[in-house]
Each structure stands twice: as structure tokens, then as C-alpha cells.
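# Coordinate analysis (summary)
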Amino acid sequence: MAGSNVPLRGSKLQGFQGGLKVPAFVYASALGDDRRGARYTAPMHHVDWIATLRAAAGATAALSSAYDSLDHWASLETGDPDDALESRALVLGAGDGFATVLKDGFKYMAGYETFGWYETAYYDQAQCALGTSAEQWLFDLKNDPNETTNLFGAEAVGAGQGIDDPGSAQEGAQGSVL
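These notes cover the structure that comes with them. (Residues numbered from 1 in each chain as written. Predicted model: local features only at pLDDT ≥ 70, side-chain atom pairs only at ≥ 80, totals over all residues. Heavy atoms only, no water.)

## A look at the sheet that holds strand β4 (residues 136-140)
As summarised here, the arrangement of the four strands in space is β1-β2-β3-β4, forming an open sheet in which the pairing is antiparallel. Taken across any chain shown, the strands that pair with only one partner, and hence form the sheet edges, are β1 (90-94) and β4. Geometrically, the sheet is characterised by an average inter-axis angle of 10 degrees between neighbouring strands, direction not taken into account. By the bridge criterion, five bridges tie strand β2 (residues 99-103) to strand β3 (residues 106-110) in an arrangement that is antiparallel. If you follow Ala99 over to β3, its bridge partner there is Ala110. (Pairing = 2+ DSSP bridges. Helix = DSSP H or I, 4+ residues; strand = E, 2+ residues; numbered from the N terminus. Axes fitted to C-alpha atoms, helices over the stretch in contact; angles between N-to-C directions.)

## Examining the pattern of salt bridges
Counted under the stated rule, the structure contains four salt bridges. With a closest N to O distance of 3.4 Å, Arg36 and Asp33 form a salt bridge. Judged by its relative accessible area of 60%, Asp33 is exposed. Asp104 serves as the salt-bridge partner of Lys103, at 3.4 Å between the closest nitrogen and oxygen. (Salt bridge = Lys/Arg side-chain N within 4 Å of Asp/Glu carboxyl O. Buried < 20%, exposed > 50% of the residue type's maximum accessible area, 1.4 Å probe, protein only.)

## Looking at the side chain of His72
One can find His72 in the loop between α2 (48-56) and α3 (73-78). Judged by relative accessible area, which is 0%, His72 ranks as buried. Not counting the four nearest positions on each side in its chain, His72 is found in contact with Tyr40, Ala42, Pro43, Met44, Asp48, Thr52, Leu85 and Arg88. (Contact = heavy atoms within 4.5 Å.)

## A few points about α2
Buried within α2 are the following residues: Asp48, Ala51 and Thr52. Angularly, the buried residues of α2 cover 100 degrees about the axis, an arc narrow enough to put them on a single face. Once α2 ends, the next one or two residues include Gly58, with phi positive near 90 degrees. (Arc of directions from axis to C-beta.)

## Digging into the nonpolar core
Formed by Phe16, Leu90, Leu102, Met109, Trp137, Phe139 and Leu141, the largest nonpolar core amounts to seven residues. If you look at the next biggest cluster of nonpolar residues, it comprises five residues, including Phe106, Ala110, Leu138 and Leu151. (Core = buried A, V, L, I, M, F, W, Y, C linked by side-chain atoms within 4.5 Å.)

## A word on the side chain of Asp48
Assignment of secondary structure puts Asp48 in helix α2. The class of Asp48 is buried, set by a relative accessible area of 0%. Excluding its chain neighbours within four sequence positions, the residues that come into contact with Asp48 are Pro43, Asp68, Ser69, Leu70, His72 and Arg88.

## Observations concerning the packing of aromatic side chains
Counted by the stated rule, this structure contains four aromatic pairs. Look at Tyr108 and Phe152: their rings are 6.4 Å apart centre to centre, the planes differ by 45 degrees, and that puts the pair in the tilted class. A residue pair is termed long-range when its members are at least 10 positions apart, and Tyr108 in strand β3 and Phe152 in the loop between β4 and α5 (155-158) qualify at 44 residues. According to the relative accessible area criterion, Phe152 is partly exposed, its value standing at 30%. Clustering of aromatic rings is evident, with ring pairs tying together Phe16, Trp137 and Phe139. (Phe/Tyr/Trp six-rings, centres within 6.5 Å; stacked < 30°, edge-to-face > 60°.)

Taken by themselves, the reported measurements are silent on function.
And the structure:
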């Protein structure tokens, strides 16, 4: 499935930003005019819409603990960042040998078969900078939102960033990496 999210790297079904950052909008009369056209950058998983839309509708009963859904409504409404939302570990993909985990503006990835950018000169998916499923990736999304520099293995990143043992994708999916 080809799909361009240029200038972001990757496309649909990949752990790169081009496959994860998707366009969305919220229309609600409860949002003030100052929020029209505003960008929201906090990491948000699709399951977070459950708690967020409940809050927007005024639900007061607590959401069952069976749902792993966090409420983003207050941040959407005011534009103020929420430290709990910004710093949580977010597992975006974890399966048989692959994982994508976001935490504190860093993204760890492992186990994906292809890597690259969408080639805009062609209609279908054309990959460049191909990798292997054995590769591991670490990106500083705040300073490198287009994921051009793999920091995995760099001494400056491993020290003090909470990277315990990025040795396997499955460990990353379970939260021990970030």
C-alpha cells in the first residue's frame, strides 16, 4: 500500500513518522476561535480518542481500566501541553520480532523489513536506504522530525536517556528499552 506523507520518512504500515503521523481534525463548538487551525503535537494513540471524546461530550463516570485510553481533551481545548501525555511510553507497534516505541521525544524501532522515504517521482512505493530486519533505530524526533539520523549505538544517546538494553525488539515492546 503506497501512500506519501512527504516530507516524513516512510509510508503506511511502517513505524517511521510517515506511517504514524496521520492527518486528523477536531470540529467542536466547545473549542475557542483561538484553537482553529492549531496543531497538536502530543503523542496520541488511536485508543486515546475513546477517553478524549468522552471528555469532550462531558462524561463524568470513570472509564473502565480495561481501556488503555488517555484523555487529551484539556490539552486540545487549551493548547497547553500535558507532561503526562508528552512523556509516557507509547508502544505503537509490537509484534513477532518488530517494535516501535516512543518516549520523551525519542523513538526506538527494530525488526522492520524496509526503510526509506517515499519517492515522489513515482506513483507507487519506491524505497531508498533499504535496511534489514536486524537493524535497530533510535531517533530524536524533537531535533530530527524527518528521521534522517539513526542514533542507535551512539554513546551520547545511551548515557542518561533511559535506554537500558536496546538489544531486542521484543524487550522494547514490553517497555524495558525506553
